[in-house]
Amino acid sequence: MKINRTTQVLAASVLGLTLAGAGMAGPAAADDNPSSGIDVSVNITPTTTPGQLSMTVADNNGVSLQENGSDAAARQFTGTLPTVTVSDTRKPEDIPAGEYWAVVGQSSQFVATGDTAKTIGPEYLGWKPRLLTDSSTGAVSAGEPVSSVVSDGTGAPEVGLKGQELLVSTANSSDEIGTSKVNADLALRTPVDVAAGEYHSTLTLSLFNQS
């Protein structure tokens, strides 16, 4: 950005007063008053924004789970979590030693539209996180799968998303900075006699930065 500055030199007017009996010299000629220009400069450095750690979720209209994989043991409804992006624009030297970050997810209770007495607990919703970008050092990794309390047969912990479960994390933030993308396969597994209805829940994702 160039800044133009204009310097104005104001000539002070001197009034010659004629005093009786005193002779005063008139104003000096212009050539007798040499002038000198002064260079005024400024160095404006680029504006810099400190690096930061942030999380964004891809634009979406929510996730509509569809029945897929139901069997005699359970009704199953599946979908895909929108892509979650974690960006770390800090310099390694600005990151405290031993600092790490993690994204966790937790589901609220599913409540039937028009009948709040009909609910499905968050422990019936499981997920399988999947890292979508390569980790150059292996420092960034997706969380382990979590099954509904109605087992999916994979051996994953049968706790659902009732509590905070890990989606993605790094063991040491300074080991790998940049952008990491992750999503997850979602699976709601309920008893076969689950009440019919349209249910809604909120899946909350949180980014933690700790040392």
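Here the structure is a predicted model, which means the values were calculated and not measured. (Residues numbered from 1 in each chain as written. Predicted model: local features only at pLDDT ≥ 70, side-chain atom pairs only at ≥ 80, totals over all residues. Heavy atoms only, no water.)

Participant: Where do I start with the overall build of the chain in this structure?
Facilitator: In terms of helices and strands, the chain carries zero helices and 13 strands. Along the chain direction, N to C, the helices and strands of the chain fall in the order β-β-β-β-β-β-β-β-β-β-β-β-β. Residues classed as buried in the chain amount to 27% of the 211 residues present. Of the contacts made within the chain by residues no fewer than 6 positions apart, 78% connect residues no fewer than 24 positions apart. For the chain, the accessible area works out to roughly 14,100 Å², and carbon and sulfur atoms hold 50% of it. (Helix = DSSP H or I, 4+ residues; strand = E, 2+ residues; numbered from the N terminus. Buried < 20%, exposed > 50% of the residue type's maximum accessible area, 1.4 Å probe, protein only. Contact = heavy atoms within 4.5 Å. Areas by Shrake-Rupley, 256 points an atom, 1.4 Å probe, with all protein chains shown as cover.)

Participant: How do you make sense of the sheet that holds strand β12 (residues 199–200) when you look at a structure like this?
Facilitator: Think of a sheet as strands paired side by side through backbone hydrogen bonds, with each pair either parallel or antiparallel. Spatial ordering of the open sheet is given by β7-β6-β12, a layout of three strands whose pairing is antiparallel. Bordering the open sheet on either side are β7 (115–120) and β12, each of which pairs with just one other strand. Here strand β6 (residues 110–112) runs beside β12; their pairing, made up of two bridges, is antiparallel. Counterpart to V111 in the pairing with β12 is H200. (Pairing = 2+ DSSP bridges.)

Participant: I'm lost on the sheet that holds strand β9 (residues 140–142) in this one. Help?
Facilitator: Pairing in this open sheet of four strands is antiparallel, and the strands run β9-β10-β5-β13 from one edge to the other. Bordering the open sheet on either side are β9 and β13 (203–210), each of which pairs with just one other strand. The mean angle between the axes of side-by-side strands here comes to 20°, regardless of whether they run parallel or antiparallel. Across five bridges, the pairing between strand β5 (residues 100–107) and strand β10 (residues 165–170) is antiparallel. (Axes fitted to C-alpha atoms, helices over the stretch in contact; angles between N-to-C directions.)

Participant: Would you take a moment to explain the nonpolar core for this structure?
Facilitator: Note that soluble globular proteins tend to have their nonpolar side chains buried in a common cluster. Counting residues in hydrophobic clusters, the biggest one holds 23 residues, and the most contacted among them are L81, W101, V103, W127, L167, V168 and L205. Top element by residues in this core is strand β11 (residues 178–190). It accounts for four residues. Once residues within four sequence positions are removed from consideration, L81 is found in contact with W127, L167, N183, A184, L186, L203 and L205. (Core = buried A, V, L, I, M, F, W, Y, C linked by side-chain atoms within 4.5 Å.)

Participant: Just to check I follow, could you spell out the confidence of the model for the chain for this structure?
Facilitator: Low-pLDDT portions of the prediction should not be read for the details of their coordinates. Averaged over all residues, the pLDDT of the chain equals 86, while 85% of them reach at least 70. Predicted confidence is poor over residues 1–24, with pLDDT under 50, and the contacts of this stretch with residues over four places away or in other chains come to three contacts. (pLDDT = per-residue confidence, 0-100.)

Participant: Can you walk me through the side chain of T85 in this structure?
Facilitator: Position of T85 among the secondary structure elements: in strand β4 (residues 84–88). Judged by relative accessible area, T85 falls into the buried class, the value being 10%. What T85 contacts, discounting residues up to four positions off in sequence, is S54, M55, T56, T179, S180 and K181.

Participant: When you look at the pattern of salt bridges in this model, what are you seeing that I'm missing?
Facilitator: When charged atoms on two side chains of opposite charge get close, those side chains can pair. Per the counting criterion, the structure on display carries four salt bridges. A network of salt bridges, in which partner residues are shared, links D88, R90 and E99. (Salt bridge = Lys/Arg side-chain N within 4 Å of Asp/Glu carboxyl O.)

Participant: Honestly, the environment of V150 in this entry has me stumped. Any pointers?
Facilitator: Along the polypeptide, V150 turns up in the loop between β9 and β10. When the C-alpha atoms of V150 and A73 are compared, they prove to be 8.2 Å apart, with 77 residues separating the residues in sequence. Not counting residues up to four positions away in its chain, the partners in contact with V150 are A73, A74, Y124, R189, T190 and P191.

Participant: Whenever I open this one, the side chain of T170 confuses me. Can you help?
Facilitator: Note that T170 resides in strand β10. Within polar-contact distance, the side chain of T170 engages the backbone oxygen of N172 at 3.4 Å. Excluding residues that lie within four positions of it along the chain, T170 makes contacts with Y100, W101, A139 and V140. (Polar contact = N/O pair within 3.5 Å; in protein donor to acceptor, adjacent residues only side chain to side chain.)

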